[in-house]
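What follows is each chain in one-letter form.
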Amino acid sequence: MDWRSILLALGASFCVIGWYAYRGRTAAKFLGRNPWVLMYPGGVCGIPVGGIGLLGLGFAFTVHRGRLPDALVFALLLISAVGAVLCFWCPRRLLPGWLKHLTS
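In this report, the structure presented in the accompanying data block is examined. Bear in mind that the values here come from a model prediction, so they are computed numbers and not experimental data.

### As for the overall build of the protein chain
On a plain count of helices and strands, the protein chain comes out with six helices and zero strands. In the protein chain, the succession of helices and strands from N to C terminus is α-α-α-α-α-α. With the C-alpha coordinates aligned to their principal axes, the bounding extent of the protein chain is approximately 50 × 25 × 20 Å. Counting across all 104 residues of the protein chain, residues that qualify as buried make up 35%. Considering only residue pairs separated by 6 or more positions, the protein chain has 73% of its internal contacts joining residues 24 or more positions apart. About 6,800 Å² of surface is accessible on the protein chain, with carbon and sulfur atoms providing 72% of the total.

### A closer look at the state of the cysteines
Counted according to the given criterion, the structure contains one disulfide. In this model Cys45 forms its disulfide with Cys90; the gap between the sulfur atoms is 2.0 Å. On the criterion of sequence distance, the pair formed by Cys45 in helix 4 (residues 43-63) and Cys90 in the loop between helix 5 (70-88) and helix 6 (97-103) is long-range, its members being 45 residues apart. A relative accessible area of 5% places Cys45 in the buried class. Cysteine Cys15 is unpaired, with the sulfur of Cys87 as its nearest cysteine sulfur at 12 Å. Classification of Cys15 by relative accessible area gives partly exposed; the value is 22%. Left without a disulfide partner, Cys87 is nearest to the cysteine sulfur of Cys45, which lies 7.4 Å away. On the basis of relative accessibility, which here comes to 18%, the residue Cys87 falls in the buried class.

### Focus on the nonpolar core
Buried together is how nonpolar side chains tend to be arranged in soluble globular proteins. If you look at the biggest cluster of nonpolar residues, it comprises 11 residues: Ala21, Ala27, Leu31, Val37, Val44, Cys45, Leu86, Cys90, Leu95, Trp98 and Leu99. Elements represented by at least two residues in this core include exactly helix 2 (27-31), helix 4 and helix 6. Not counting chain neighbours up to four residues away, the residues in contact with Cys90 comprise Gly42, Cys45 and Leu95. Among the nonpolar cores identified, the runner-up in size contains six residues, and Leu7, Leu57, Leu68 and Leu76 belong to it.

### Notes on the pattern of salt bridges
Tallying each qualifying case throughout the model produces one salt bridge. Among the ionic pairs, Arg4 bridges to Asp2, the shortest N-O distance being 3.1 Å. According to the relative accessible area criterion, Arg4 is buried, its value standing at 17%.

### So, the packing of helix 1 (residues 3-23) against helix 4
The relative placement of two packed helices is expressed as an angle between their axes plus a distance between the axes. For the pair helix 1 and helix 4, the least separation of the axes is 7 Å and the interaxial angle reads 150°. For the element pair helix 1 / helix 4, the angle class is roughly antiparallel. When the axes of helix 1 and helix 4 are compared, the crossing they make is left-handed. The residue makeup of the contact of helix 1 with helix 4, split by class, is 20 nonpolar, five polar and one charged.

Conventions we followed
Positions within a chain are numbered from 1, following the residues in the order the chain's sequence is written. With the structure being a predicted model, the display of local features is reserved for residues of pLDDT at least 70 and the display and counting of side-chain atom pairs for 80 or more, all residues being used for whole-chain, interface and lining totals. Side-chain metrics in this entry use all non-hydrogen atoms of the structure; hydrogen atoms and water are not considered. The secondary structure listing takes helices from DSSP runs of H or I that are at least 4 residues long and strands from runs of E that are at least 2 residues long, numbered from the N terminus. Buried means the residue's accessible area, taken with a 1.4 Å probe over protein chains only, is under 20% of the maximum for its type, while exposed means over 50%, and partly exposed covers the values in between. Contact criterion: two residues are considered in contact whenever any of their non-hydrogen atoms come within 4.5 Å of each other. Note on areas: Shrake-Rupley with a 1.4 Å probe; residue coverage comes only from the protein chains shown. In this description, the term disulfide denotes a pair of cysteine sulfurs within 2.5 Å. In this text, buried Ala, Val, Leu, Ile, Met, Phe, Trp, Tyr and Cys residues form a nonpolar core when linked through side-chain atoms within 4.5 Å. Whenever Lys or Arg places a side-chain nitrogen within 4 Å of a carboxyl oxygen from Asp or Glu, that contact is recorded as a salt bridge. Helix axes are fitted to C-alpha atoms over the stretch in contact, other axes to C-alpha atoms as well, and angles between N-to-C directions run from 0 to 180 degrees. An angle below 35 degrees is read as roughly parallel, one above 145 as roughly antiparallel, one from 65 to 115 as roughly perpendicular, and any other as oblique. Working rule for handedness: look at the near helix, and if it is turned counterclockwise from the far one by less than a right angle, call the crossing left-handed; if clockwise, right-handed. Asp, Glu, Lys and Arg are counted as charged, while Ala, Val, Leu, Ile, Met, Phe, Trp, Tyr, Cys and Pro are counted as nonpolar; the rest, among them Gly, fall into the polar class.

Written as structure tokens, this is what we have:
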């Protein structure tokens, strides 16, 4: 397994986790009791954003085997960095409804 596959797998899994946290009917039941979610509620909105950045990097490096344009790499790294920042600080309006009630 090379590093491109790892980027794609991490990005896809982060996107699926984020989709479940926002759209899953049982997300409040399973994630609401998790101490990590209660300690870092921003992770719920930061993980899918970081996943999109990692997925984009994985696809870009897989499709474009040579050197990538610097602007594309910068944009994808910026998206991943915003996801990392959101994991520790996320505006309340971006949190899923079930998490807003737990953190109030």
